[in-house]
Amino acid sequence: MKLFLMNILLAISWSALTGNASLANFMVGFAIGYGAIALSPVHSGRREYFRRLPHILGLSLFFLRELLVSGLRTTREVLSPIRRSRPQVIRVPTELRDRNQLLLFSQLVSLTPGTLVLDVSPAGDALYVHTMFVTDAEKFRSELRDGLEKRIREALG
């Protein structure tokens, strides 16, 4: 966490030094700071940050893509006179045992338009998800398991 905060401070410093406070310039500063910290001999023993950050960025990009695609699909359904939705409640088993990972998983699924986590099993090994657009429940389970759940395990595991 200290390295992440240091990286943020380096990105802010870069923005201040260049006199450009745009998001693109901040991201350039973040990338330069990331490289500087990676090359610094002071933090050579703390490699977890350098392993996790790319996975966290990958999770973020994956979720944003899923958010966009499902948002467009839901918008089409709402605006179209023809109903294509097939609402179902599906039990989705999960291998996540850490409560924080399970919470993140359930919240990201609920934030995606067209899906809502209704409940978590008492043992914490499955989610009950209401979904609008599923024709094959097993395919839905595998998409969640191989997509979002896998990326959460990589980023936070």
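Calculation rules
Every chain's residues receive numbers from 1 upward, in the order its sequence appears when written. Given that this is a predicted model, residues contribute local features only at a pLDDT of at least 70 and side-chain atom pairs are listed and counted only at 80 or more, while totals for whole chains, interfaces and linings are drawn from all residues. Think of the side-chain values as coming from all heavy atoms in the structure, minus any hydrogens and water. Salt bridge, as used here: a side-chain nitrogen of Lys or Arg that lies within 4 Å of a carboxyl oxygen of Asp or Glu. Any residue under 20% of the maximum accessible area for its type is buried, any over 50% is exposed, and the rest in between are partly exposed; the area is computed with a 1.4 Å probe on protein chains only. Numbering of helices and strands starts at the N terminus; helices are DSSP runs of H or I of at least 4 residues and strands are runs of E of at least 2.

> Describe the pattern of salt bridges, listing the residues and the values that go with them.
Tallied over the full model, the rule gives eight salt bridges. Linking E77 and R83 is a salt bridge whose minimum nitrogen-to-oxygen distance equals 3.8 Å. Residue E77 is classed as buried on the basis of its relative accessible area, which comes to 4%. R83 gets classed as exposed once you look at its relative accessible area, which sits at 54%. The residue D125 makes a salt bridge to R91 at a minimum N-O spacing of 3.8 Å. Taken together, the residues span a long stretch of sequence, with D125 in the loop between strand 2 (115-120) and strand 3 (126-131) and R91 in strand 1 (residues 88-93) at a distance of 34 residues. Judged by relative accessible area, R91 falls into the partly exposed class, the value being 36%.

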